[in-house]
Amino acid sequence: MSKKILVLGSGGREDAIAWKLSLSEKVSKIFVAPGNGGTASLNKCSNLDISLKKESFPKLVDFAKSENIDLTVVGPDDALADGIVDPFEDAGLKVFGPNSKAAEIEASKAFSKELMKKSNIPTAAYEVFSDYESACDYVKKQNKYPVVVKASGLALGKGVSICQTEKEAMDFIQKIFIDKIFGKAGNEVVIEEFLQGQEISIHAFCDGKSAMLFPTAQDHKAIYENDQGPNTGGMGTISPLPWLSSDELIDISQTIVLPILKAMADEGRVFKGLLYPGLIMTDEGPKVLEFNARFGDPETQSYMRLLDSDLFDILEACADSRLEEINLEWSQEAAATVILASDGYPTAYEKGFEITGVNDAEEIEGVTVFHAGTKLNDDGILVTNGGRVLAVSAIAENLETAIEKAYLAADKIDFKGKYIRRDIGAKALRLTSV
Ligand code: AMP
Ligand code: GLY
């Protein structure tokens, strides 16, 4: 077999997916659109200079047809929300990812909260508002802080504010409804109770009929140590969580993953692709913060290191609705991924600085370096090209060693303005030792 794949996206997640697909004997060629400096030089891989904007969808479909692509894998949430899967399906092309109706589970928090309420899926108590005045009236009645204010649509991870005071909540509501800082993603606002507990990431492969869960993972979203500072796309992940039992994971599958998939199907929104619920483990059990309709970044970088099965087989089986044929196998090791970011991220940062030391880092046993905001410049030199630049991922027999190796490798890499959050996995180790 010699399968040709098209991976859509340009982040660390897509580099990790392309890397894992490149290890499959069945895969002969991988195109990544638009890709990054890592996918440009990965074995079997070439970058394709087509954007993922809606107006480029026909071009991508034409490419997949003319190159006889066997499977297209979609990474980013905005492309899914824009309905990128639909024209591929309409053209009879095989694609991994939910169609636009199913992707709404991530693209509209108002929709996903209503569906959770209707299906008795545990989540934070909430109300949805479509105008400034009623949202403000509701906030004025609150007497328990913090409260969480969210733009309903996709807002690059910036649409959520944990408000400590009434004034903070009112200001954020004003920014969304009056100043329109998130555009139409802010046409509706969700205001919900603040949940206390450990935040975890769940991933499940879904084929529209059944689901298979990954091991658990934990992202570290705040930019600074001890979860301080603004939220980012994610500064590092670990997997699996040593303190979470397999019984708890089964419970999450039965009370959250399977019921939401059934509810989606009942609504005529059959979900095929990767479902990623973000949860808080509260004293009352797991509660859903949000459902994502795609692989997490940087969860995927840790997960691809632990996945023993052939990724191509799994993704194709999901697209074909025959996931039950797959024997999903995971390594018994632990993984840690540390992000190397540009100074100033998640707000303003500079680009174009030379990156050195990637090969030295990869010489450490168990380490793989995934690229996110990188590119090869006109002279073929690897330079920074984004906020999250690289994801250094290590696997080892236990979490402590995986974390040590990831930092050892991360410190071998250099570029101007390199920033690393230094406590990835520390919380999980603390909880495990109690
Ligand atoms: P979301 O996009 O809804 O997942 O929110 C982004 C981040 O804000 C989450 O990853 C949490 O860290 C935090 N967050 C969102 N909603 C809540 C909540 N109800 N309680 C506590 N933290 C929250
Ligand atoms: N790990 C955060 C995200 O992918 O949304």
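Just so it is clear, the structure is predicted and the values come from calculations on it, not from any experiment. (Residues numbered from 1 in each chain as written. Chains lettered and ligands numbered in written order. Predicted model: local features only at pLDDT ≥ 70, side-chain atom pairs only at ≥ 80, totals over all residues. Heavy atoms only, no water.)

Student: Lay out the packing of aromatic side chains in plain terms, naming residues and giving numbers.
Tutor: Aromatic ring pairs are defined here through the distance separating the ring centres and the angle between the ring planes. Applying the stated criterion across every chain yields a total of 14 aromatic pairs. Each ring, one from Phe 96 and one from Phe 205, has its centre 6.4 Å from the other, and the planes form 75 degrees; the classification is edge-to-face. Of this pair, Phe 96 sits in strand S5 (residues 95–96) while Phe 205 sits in strand S11 (residues 204–207), and the two are 109 residues apart along the sequence. As far as burial versus exposure is concerned, Phe 96 and Phe 205 are alike and both buried. Taken together, a centroid distance of 6.1 Å and an interplanar angle of 65 degrees make the contact between Phe 172 and Phe 182 edge-to-face. On the criterion of sequence distance, the pair formed by Phe 172 in helix H8 (residues 166–177) and Phe 182 in the loop between H8 and strand S9 (189–193) is long-range, its members being ten residues apart. Judged by relative accessible area, Phe 182 falls into the buried class, the value being 17%. Joined through ring pairs, the aromatic side chains of Phe 96, Phe 205, Phe 214, Phe 295, Tyr 303 and Trp 330 make up one cluster. Note that Lys 29 overlies the ring of Phe 31, its terminal NZ or CZ placed 5.3 Å from the centroid. (Phe/Tyr/Trp six-rings, centres within 6.5 Å; stacked < 30°, edge-to-face > 60°. Helix = DSSP H or I, 4+ residues; strand = E, 2+ residues; numbered from the N terminus. Buried < 20%, exposed > 50% of the residue type's maximum accessible area, 1.4 Å probe, protein only. Lys NZ or Arg CZ within 6 Å of the ring centre and 35° of its normal.)

Student: Describe the sheet that holds strand S6 (residues 126–129), naming the residues involved and giving the relevant values.
Tutor: Taken together, the four strands give an open sheet; going across it, the order is S6-S9-S7-S8, and neighbouring strands pair in antiparallel fashion. Sheet topology places S6 and strand S8 (160–163) at the edges, where each strand pairs with a single neighbour. Averaged over neighbouring strand pairs, the angle between their axes works out to 20 degrees when direction is ignored. In terms of strand pairing, S6 meets S9 through four bridges, oriented antiparallel. (Pairing = 2+ DSSP bridges. Axes fitted to C-alpha atoms, helices over the stretch in contact; angles between N-to-C directions.)

Student: Which residues make up the site of ligand 1, and what values go with them?
Tutor: Taken together, the neighbourhood of ligand 1 is formed by 14 residues, with Lys 150, Glu 192, Leu 195, Glu 199 and Glu 290 sitting nearest. Here a nitrogen atom of ligand 1 sits 2.8 Å away from a polar atom, N or O, in the side chain of Glu 192. When ligand 1 is considered free in solution it has 470 Å² of accessible area, and contact with the protein chains removes 91% of it. Counting only elements with at least two residues in the shell around ligand 1, the list comes to strand S7 (147–151), S8, S9 and strand S18 (285–292). For the shell around ligand 1, the residue count by class is six nonpolar, one polar and seven charged. (Near = heavy atom within 4 Å. Polar contact = N/O pair within 3.5 Å; in protein donor to acceptor, adjacent residues only side chain to side chain. Areas by Shrake-Rupley, 256 points an atom, 1.4 Å probe, with all protein chains shown as cover. Nonpolar A, V, L, I, M, F, W, Y, C, P; charged D, E, K, R; others polar.)

Student: A description of the layout of surface pockets should follow, citing residues and the corresponding values.
Tutor: Of the pockets and cavities examined, the second largest pocket occupies roughly 360 Å³. Lining the second largest pocket are 20 residues, with Lys 144, Pro 146, Glu 193, Phe 194 and Leu 195 sitting closest to its centre. Contributions of two or more residues to the lining of the second largest pocket are made by S9 and strand S17 (272–282). When residues of the lining of the second largest pocket are assigned to their parent elements, the largest contribution, three residues, is made by S9. Looking at the lining of the second largest pocket residue by residue, the class counts come to ten nonpolar, four polar and six charged. (1 Å grid on protein atoms, 1.4 Å probe; cavity = no way out; pocket = protein on both sides within 12 Å on 5 of 7 lines; lining within 4 Å. Points joined across faces, edges and corners; volume = space filled by probe spheres on them.)

Student: Would you mind going over the site of ligand 2 in detail, with residue names and values included?
Tutor: Every residue near ligand 2 is listed here: Asp 219, Lys 221, Gly 233, Tyr 276, Arg 294, Gly 296, Asp 297 and Glu 299. Between ligand 2 and the protein, one listed contact pairs a nitrogen atom with a side-chain N or O atom of Asp 219 at 2.8 Å. At 2.9 Å from an oxygen atom of ligand 2 is found a side-chain nitrogen or oxygen belonging to Arg 294. Coverage of ligand 2 by the protein chains reaches 89% of its 200 Å² of free accessible surface. Looking at the shell around ligand 2 residue by residue, the classes come out as one nonpolar, two polar and five charged.

Student: Tell me about the nonpolar core, and please be specific about residues and values.
Tutor: With 104 residues, the main nonpolar core has Leu 21, Phe 205 and Ile 260 as its most contacted residues. Looking at this core element by element, the count peaks at eight residues for helix H9 (residues 246–266). (Core = buried A, V, L, I, M, F, W, Y, C linked by side-chain atoms within 4.5 Å.)

Student: Tell me about helix H13 (residues 399–410), residues and numbers included.
Tutor: A rise of 1.5 Å per residue sets the reference length of H13, with its twelve residues, at 16 Å; its end C-alpha atoms lie 16 Å apart and thus fit the reference within 8%. Burial within H13 is extensive, with nine of its twelve residues counted as buried. Here H13 has its buried residues at Leu 399, Thr 401, Ala 402, Ile 403, Lys 405, Ala 406, Tyr 407, Ala 409 and Ala 410. Measuring from the backbone nitrogen of Glu 400 back to the side-chain oxygen at the start of H13 gives 3.3 Å, which picks out Asn 398 as the cap. (Expected span 1.5 Å × (residues − 1).)

Student: Can you explain the pattern of salt bridges? Please cite residues and give values.
Tutor: On inspection of all chains with the given rule, the structure shows 25 salt bridges. The partner of Glu 316 in a salt bridge is Lys 94, and the shortest N-O contact between them spans 3.4 Å. Of the two residues, Glu 316 is situated in helix H11 (residues 311–319) and Lys 94 in the loop between helix H4 (85–90) and S5; the sequence distance between them amounts to 222 residues. Owing to a relative accessible area of 29%, Lys 94 belongs among the partly exposed residues under this scheme. A salt bridge links Lys 221 to Glu 199, with the nearest nitrogen and oxygen atoms 3.5 Å apart. One end of the pair, Lys 221, is in the loop between strand S13 (218–219) and strand S14 (222–224); the other, Glu 199, is in strand S10 (residues 198–201), with 22 residues separating them in the sequence. Judged by relative accessible area, which is 33%, Glu 199 ranks as partly exposed. (Salt bridge = Lys/Arg side-chain N within 4 Å of Asp/Glu carboxyl O.)

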